[in-house]
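# A structural walkthrough
Residue-level listing of the chains:
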Amino acid sequence: QVQLVESGGGLVQPGGSLRLSCVASGRIFSIYHWRWYRQAPGKEREQVASLTIGGSTDYLDSVKDRFTISRDNTKDTLYLQMNNLKPEDTAVYYCSVYEYGGLQYWGQGTQVTVSS
């Protein structure tokens, strides 16, 4: 089992920045793929960014050059640095990981609201 706890969401003005954190606990050694997803009201959940155990990253086109996914192994923490935020980035953001064996785990989500 892997437990994930997100934090760092909040209300920010357009053009502002936020850094989301996701602390993992439990069977961390089994994780090989880290992801951030988001779900806006009335929309399907979408993958925002991903990070493999080898360090490869991938981003949703609309967030490229604005968001950065990273991980601190010493703190078992995944981050999503979000810059130049736009109102369309408003959503609940979820941390998710895959472990060897195919299981996927989710955090509880953190709300990000971009509004003036």
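Quick summary incoming for the structure in this document. Quick caveat: nothing in here was measured; it's all calculated off a predicted structure.

Moving on, we get to unusual backbone geometry. Of note in the backbone geometry, Asp65 takes a positive phi value of approximately 75° without being a glycine. With respect to the element layout, Asp65 can be found in the loop between β6 (57–59) and β7 (67–72). The backbone phi angle of Asn84 is positive, close to 50°, even though this residue is not glycine. For Asn84, the location among the structural elements is in the loop between β8 (77–82) and β9 (91–99). Take Asn84: its relative accessible area is 42%, and that puts it in the partly exposed class.

Below, the discussion takes up the packing of aromatic side chains. Enumeration over the complete set of coordinates arrives at three aromatic pairs. Relative to Tyr100, the ring of Tyr32 lies with its centre 4.9 Å away and its plane at 25°, an arrangement referred to as stacked. Remark: Tyr100 occurs in the loop between β9 and β10 (104–106) and Tyr32 occurs in strand β4 (residues 31–39); sequence separation between them is 68 residues. Of the residues examined, Tyr100 reaches a relative accessible area of 53% and is grouped as exposed. An angle of 85° between the planes, with centres 6.3 Å apart, marks the rings of Tyr94 and Trp106 as edge-to-face. In this pair, Tyr94 sits in strand β9 while Trp106 sits in strand β10, placing the two residues 12 residues apart along the sequence. Since its relative accessible area comes to 34%, Trp106 is described here as partly exposed. A cation over a ring is seen here: Arg45 above Tyr94, with NZ or CZ 3.9 Å from the ring centre. The cationic tip of Arg45 hangs over the ring face of Trp106; the distance from NZ or CZ to the ring centre is 4.6 Å.

Criteria and cut-off values
Residues numbered from 1 in each chain as written. Predicted model: local features only at pLDDT ≥ 70, side-chain atom pairs only at ≥ 80, totals over all residues. Heavy atoms only, no water. Helix = DSSP H or I, 4+ residues; strand = E, 2+ residues; numbered from the N terminus. Buried < 20%, exposed > 50% of the residue type's maximum accessible area, 1.4 Å probe, protein only. Phe/Tyr/Trp six-rings, centres within 6.5 Å; stacked < 30°, edge-to-face > 60°. Lys NZ or Arg CZ within 6 Å of the ring centre and 35° of its normal.

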